[in-house]
Amino acid sequence: MPDHILATNNLSKEFKGFTAVSAVNLRIQRGHIHALIGPNGAGKTTVFNLLTKFLIPTSGSIHFNSTDITREKSADIALRGIVRSFQISAVFPNLTPLENVRLALQRKLGVSYHFWKSDSILKQLDGRAMDLLDAVGLAEYAGEITGELAYGRKRALEIATTLALDPELMLLDEPTQGMGVEDVDKITALVKKVSYNRTILMVEHNLKVVATLADRITVLQRGAILAEGPYAEVSQDPQVLEAYMGSSHD
Amino acid sequence: MNKILWIILIVLGLVAPFIVYPVFMMKLLCFALFASAFNLLLGYTGLLSFGHAAFFGGASYITGQLVKISGLTPELGILGGTLFAALLGYIVGSLAIRRQGIYFAMVTLALAQIVYFIALKAPFTGGEDGLQGIPRGKLLGMIDLGHVYTVGGSPVALNLYYFVFALFCFGFWIIYRTINSPFGQVLKAIRENEPRAVSLGYKVERFKLMAFVISAALSGMAGSMKSLVFQLASLTDVSWHTSGEVVLMTLLGGVGTVLGPLAGAFTVVTLQSELSSVGSWITVIIGVTFVICVLLFRRGLVGELGRVLKRSL
C-alpha cells in the first residue's frame, strides 16, 4: 500500500448552495510532486484553502500522516509541517528579504512572545537565513526592501521563507503565475531542487511546468476530480482533453 | 547618530520645565505616551482602535479614586490605573480581535462608549463633574509631588515634572523595546501580511491580543499621569473625542514611526494651548491642519522627514 502523506475523504465545500468542491478524494504520495490542475473555477484554490484551513470544509475529512486534521486551525497545521504559498506573492513588503526569512526561522527560537528582549538576539539566525536566500539566488538582495524587488524574486523569496520552516509538505499555489519565461524556468528548477526529501502539492496552470515537474496529476473540473494519474496518462485521457487541455492551449 | 538624537531629546526633556510652561510640558508628555502606545497598535500591528479613550480615561478615574478616596501614594495610584487599563484592554481586545478592519474599530468604539456611559452614571466617577481635586501626594510617602519651586519668578512643580518625565521615559522605552523585539518582528509581519504570518505558524490572535494589552496598559499609564498633573479625571478623557484625538496625533506625526506620535502630540497639544483663546474654532483649525497634513504628507511629519533622510525614525 502506498504511503500517503495527505489524504482527503469526500472533501466538500459549499458556498450558499454553490458547490465549489464536491466529494474530493485526494491521495498525495510521500515524496511526490503532485500537481492539481483544471480550468478556471474548477476549485483548485478552494481545495488549497480547505487543506490549509483558510476555509472550513462543509463535509468530509482531511488526514495528514494518518492524523485527522479536519478541525485544526491554520497556524496549527503549519506547526505540523504543512506550509503553503499564495497565488499573489506572499511576502512582508516593508521588511528586508533577510527579515522575511528570519521570521520563518524565529519561531523555533521560542522567543516570539518576548517583547522585552532586543531583536538583536535574532542575529544568530542570520547565517541560516543567508544560506536559504543563497539557495534561491537572493543573497545579494538580502538587505533591500522586499516590496521593491522584481516579481520573480519575490516568488523566490516566498519559497525561501517556506523552506525555512522545513515543511514536510509544501503547498504551492501557482508558483509561476504572472512570470516571464526566464523566471518560469528558474522557479521550475528551484521547485525541483527543493522537492528533495519532501512532498509538494502544487496548483499550476502552466502545463509545461506540470509536465516537467509532476510525478502525479489530479485534474479537477467543477469541483470534482475528473482524472488522476501520471502526466502521460492523464494528458491522453479523452475526457481531460475535452474539458481542459482543449481550452487551455489558447 | 541615533544615540545622539536620543541624548538630545532626553536633555531637552530635563531642561524643559525651566524654559516652557511645565504643565504644558506634562500634558504633552502624557499625550505623547498615549499616542505612542496607540501607535504600537496602529503603526506596528495594523489595528485601528477607535476606543483608546476608555483605557486613558478609565485609568485616570481609577488613579483618582485610589489617590483621593483610598489615600494611596501616587505611584500605587498610577500602578492601579495601569493594571486596570491592562485588564480592560484584555477584555476589549479579546472581543475586538475576532473582527478585522472597520469592524474591529467599531467594536472598540462600542465598548469604549459603554465605559463612557459607566463613567457618566456610576456614583464613584463624579458624573458630569468628574473627580476633582485629586491630590498629587507624596511619592513613596517621601517626596512631595505637589511641592512648588520658584523658577524665574514663577511657580514650578519640579518634583511632579520629573516624576512624570521618568514615567514617560519608562513607558516610551517599553514601546521602543516592544517594537524592536522578536515579538515586534512578528507584529510587523502581521501588519504586512496576516495570512502569510498565519501560514508560517504564528497564532496571530495571541500576538494581536498581547499587543492590544500592552498598548492599553500604557495608554492607561498616560491617563493616570494626566489625572495627577491636572488633579482631575473627567468625562472628556473617556469620550470618543479623545479616542479620535489620539488617532489624529498619530497620523499627523507619522504612523509606524517611533518619533511620529511625539511630533503629532506636540503639534496638537501646542495648537490647542496656543489657540485656546479662539474658543470652539480650535476644532475647525485642527481639523483643517489635519486635512492639509493628510493631503500633503501622507506619511505624517516624521514619516516624510524619514523619507527625505532615507532612514526610519
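Residues numbered from 1 in each chain as written. Chains lettered and ligands numbered in written order. Predicted model: local features only at pLDDT ≥ 70, side-chain atom pairs only at ≥ 80, totals over all residues.

> Sorry, what's going on with helix α1 (residues 2-19) of chain B here?
Side chains three or four residues apart in an α-helix point the same way, a direct result of the helix having 3.6 residues per turn. All names here are of chain B. The terminal C-alpha atoms of α1, which comprises 18 residues, lie 25 Å apart, in line with the 26 Å expected from a rise of 1.5 Å per residue. G13 marks the point of greatest bend in α1, at about 35°, and the proline P17 comes within the next four residues. With 1 of 18 residues buried, α1 is to be regarded as a mostly surface element. (Helix = DSSP H or I, 4+ residues; strand = E, 2+ residues; numbered from the N terminus. Expected span 1.5 Å × (residues − 1). Bend = angle between axes of the 7 residues up to and from the residue. Buried ≥ 20, exposed ≤ 12 C-beta atoms within 10 Å, placed from the backbone.)

> Can you walk me through the interface of chain B and chain A in this structure?
Size of an interface: often given as the accessible area lost when the parts come together. Facing 23 residues of chain B, the contacting portion of chain A comprises 32 residues. Elements supplying a minimum of two residues to the side of chain B that touches chain A: α6 (158-179), α7 (182-192), α8 (194-199) and α9 (204-230) of chain B. Sorting elements by how many residues they give to the side of chain B that touches chain A places α7(B) first, with 8 residues. (Contact = placed C-beta atoms within 7 Å.)

> Sorry if this is basic, but what is going on with the sheet that holds strand β10 (residues 216-221) of chain A here?
In sheet architecture, strand pairing relies on hydrogen bonds along the backbone and comes in two forms, parallel and antiparallel. Residues and elements named next belong to chain A. On the basis of which strands lie adjacent, the open sheet formed by 6 strands has the order β7-β8-β9-β4-β10-β11 and mixed pairing. The open sheet has two edge strands, β7 (82-84) and β11 (224-229), and neither has a second partner. Ignoring strand direction, the axes of neighbouring strands in this sheet form an average angle of 15°. As paired strands, β7 and strand β8 (residues 169-173) are joined by 3 bridges and run parallel to one another. Note on β8: the bridge partner recorded for V83 is M170. (Pairing = 2+ DSSP bridges. Axes fitted to C-alpha atoms, helices over the stretch in contact; angles between N-to-C directions.)

> Would you take a moment to explain unusual backbone geometry for this structure?
Outside of glycine, negative phi angles account for most residues, and trans bonds account for most peptide bonds. Residues and elements named next belong to chain A. Phi is positive for E174, which is not a glycine, with a value near 45°. Of note, E174 is situated in the loop between β8 and α6 (181-194). Even without being a glycine, R222 presents a positive backbone phi close to 45°. Topologically, R222 is positioned in the loop between β10 and β11. We classify R222 as partly exposed; it has 15 C-beta atoms within 10 Å.

> Just to check I follow, could you spell out the confidence of the model for chain A for this structure?
Low pLDDT means the predicted coordinates in that region are not meant to be read closely. Averaged over all residues, the pLDDT of chain A equals 85, while 96% of them reach at least 70. At the low end of the mean pLDDT range in chain A sits helix α9 (residues 238-248) of chain A, at 67; at the high end sits helix α3 (residues 97-106) of chain A, at 92. (pLDDT = per-residue confidence, 0-100.)

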